[in-house]
Amino acid sequence: LEPTCTSTTPLSVLPTPVSLIDHTNPLGYSQPGAHALPVPHHNVYVAEEKSVDDKGIARRTALIDPILAPSDATLVGLARNIYNATTTSGAAATYEEYMVSLHVCGTIYVVFNHLDDVPAAWLEATKGADVRTECNQGQDEAGVCMWYQLKVPVKAGERLGRASGRAHGWDIGATDASKPMAQRIDPGAWTPRWASAICALDLFEPALRDQMYGTLVGSGDCGRAAFDVAGSLSGVWLAIGQRQRANQEDLHIALFPRYTYDGRLRFSIGTESKVAGLPSGIYEFRPESSGLRNPAFTAVKPGEVACFDGLVGPESAMQLQTTRIYATMQASGGIETISIAGAGTGKCGAGPYTMPAQVTQFERRLTD
């Protein structure tokens with residue numbers, strides 16, 4: 001793809017000064033209700049700063065303006081989300097946010113999300129005869145319209161828009177379309193853009209990369225989004241019969257390390273996954289080095305029943321209704337199936353363990 005990449009670090013401009021960044025999540029964050037599955041982009045957090053827009057809708061974070069293009073690029077995609085909201089006086093209203101997709105060079109693409117006030121010329125460009133339009137319902141019941149095959153040149157340092165103040169701040173993600181994401185088993189478990197995700201921070205010139213890494217929480221690792229390990233519990237599991245809705249993350253579940261990479265593991269249970277005895281949310285624990293009580297997800301082999309207790313929410317002060325989770329997996333004919341259930345309060349005991357009578361199953365496939 002033209003232009004070809006002449007460097008492995010083609011990003012030469014920070015989207016915003018790091019002094020305006022409170023912190024950045026590594027890859028692999030999850031948040032049921034929006035992202036039940038590990039996220040292959042970075043959530044960039046900015047200061048909490050309440051304001052009210054001209055419609056009377058409250059914002060919760062600072063309006064960071066401008067967000068700048070990190071390199072010369074071509075705007076190839078634009079998505080507009082229209083969200084339902086309520087004004088401070090209780091009236092129904094809507095607001096917009098945009099996702100911006102830039103082709104940098106070769107097979108490298110960079111995406112920004114949670115922007116508003118994007119250039120008017122971009123919106124005009126979406127009316128072009130060669131532009132492909134697709135509108136549907138997205139996450140949080142937002143009305144979403146996506147425009148593809150745009151060809152709008154963007155210069156390094158050009159204003160892309162403004163962090164909208166509706167979310168934590170803004171997102172940045174990157175894709176190398178030439179190769180699938182490492183440790184991804186099921187081709188159907190990821191949208192095309194996310195299936196080839198890489199660390200966006202590593203694309204910045206070294207001095208800028210170091211500045212961005214300095215904002216990362218946790219271990220300082222850039223992280224990753226895929227933790228599939230064949231023949232184990234570890235990774236993303238799709239609701240059976242819902243493979244065509246893999247992008248509706250809250251139908252599904254994932255078992256993987258906490259995004260701060262401090263040794264904790266988490267169950268991320270989507271709000272629509274309807275797991276027997278297990279309310280949606282995040283359940284974290286520290287794995288034991290042996291046995292099937294609180295094992296590492298990668299250590300549980302087909303046919304083994306594991307029990308997990310001592311569970312806590314993403315913040316240790318959170319009180320969970322369920323304090324035991326049972327899980328087992330099977331593999332047959334290129335399809336792996338997990339059975340999972342919650343079991344109220346109490347401890348696992350010494351084992352061996354058996355699955356509760358009521359379980360919910362999810363699957364992944366080794367080929368699409």
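Please read these numbers as outputs of a predicted model, since none were measured by experiment.

## Section: the packing of aromatic side chains
Per the counting criterion, the structure on display carries 12 aromatic pairs. Ring geometry for phenylalanine 267 and phenylalanine 285: centres 6.0 Å apart, planes at 40°, overall tilted. A residue pair is termed long-range when its members are at least 10 positions apart, and phenylalanine 267 in strand E16 (residues 265–269) and phenylalanine 285 in strand E17 (residues 281–285) qualify at 18 residues. Among the residues examined, phenylalanine 267 registers a relative accessible area of 0% and is labelled buried. Each ring, one from phenylalanine 267 and one from phenylalanine 308, has its centre 5.0 Å from the other, and the planes form 80°; the classification is edge-to-face. Of this pair, phenylalanine 267 sits in strand E16 while phenylalanine 308 is found in strand E18 (residues 306–308), placing the two residues 41 residues apart along the sequence. Summarising the burial analysis for this pair, phenylalanine 267 and phenylalanine 308 share the class buried. Through pairs of rings, three or more aromatic residues link up here, namely Phe267, Phe285, Phe297 and Phe308. Looking at arginine 364, its charged tip hangs above the ring of tryptophan 237, at a distance of 4.0 Å from the centre.

## Quick notes on the pattern of salt bridges
Pairing is possible between side chains that carry opposite charge, provided their charged atoms lie close to one another. As enumerated under the stated definition, the model contains 20 salt bridges in all. Salt-bridge contacts for aspartate 65 lead to arginine 159; the nearest nitrogen and oxygen are separated by 2.9 Å. On the criterion of sequence distance, the pair formed by aspartate 65 in the loop between strand E4 (58–61) and strand E5 (67–68) and arginine 159 in strand E11 (residues 159–163) is long-range, its members being 94 residues apart. When its relative accessible area of 27% is taken as the criterion, arginine 159 is described as partly exposed. In this structure, a network of salt bridges that share partners links the residues Arg258, Asp262, Arg264, Arg266 and Glu284.

## Details of the environment of alanine 195
Tracing the sequence through the fold places alanine 195 in the loop between strand E12 (169–176) and strand E13 (197–198). Alanine 195 gets classed as buried once you look at its relative accessible area, which sits at 11%. Taking the C-alpha atoms as reference points, alanine 195 and methionine 181, 14 residues apart in sequence, are found 5.7 Å from one another. Ignoring any residue separated from it by four or fewer positions in sequence, one finds alanine 195 in contact with Pro180, Met181, Arg184 and Trp190.

## What to know about the pairing of E16
Of all 5 residues making up E16, 5 are buried, and the element is well covered by its neighbours. Side chains of E16 alternate between two faces, with Leu265, Phe267 and Ile269 and Arg266 and Ser268 buried alike. When strand E15 (residues 253–257) meets E16, the two strands line up antiparallel, connected through 5 bridges. Across the sheet, the residue bridging to proline 257 is leucine 265, located in E16. Alignment of E16 against E17, held across 5 bridges, turns out to be antiparallel. Among the inter-strand pairings, isoleucine 269 is bridged to a residue of E17, identified as glycine 281.

About the thresholds
Residues numbered from 1 in each chain as written. Predicted model: local features only at pLDDT ≥ 70, side-chain atom pairs only at ≥ 80, totals over all residues. Heavy atoms only, no water. Phe/Tyr/Trp six-rings, centres within 6.5 Å; stacked < 30°, edge-to-face > 60°. Helix = DSSP H or I, 4+ residues; strand = E, 2+ residues; numbered from the N terminus. Buried < 20%, exposed > 50% of the residue type's maximum accessible area, 1.4 Å probe, protein only. Lys NZ or Arg CZ within 6 Å of the ring centre and 35° of its normal. Salt bridge = Lys/Arg side-chain N within 4 Å of Asp/Glu carboxyl O. Contact = heavy atoms within 4.5 Å. Pairing = 2+ DSSP bridges.

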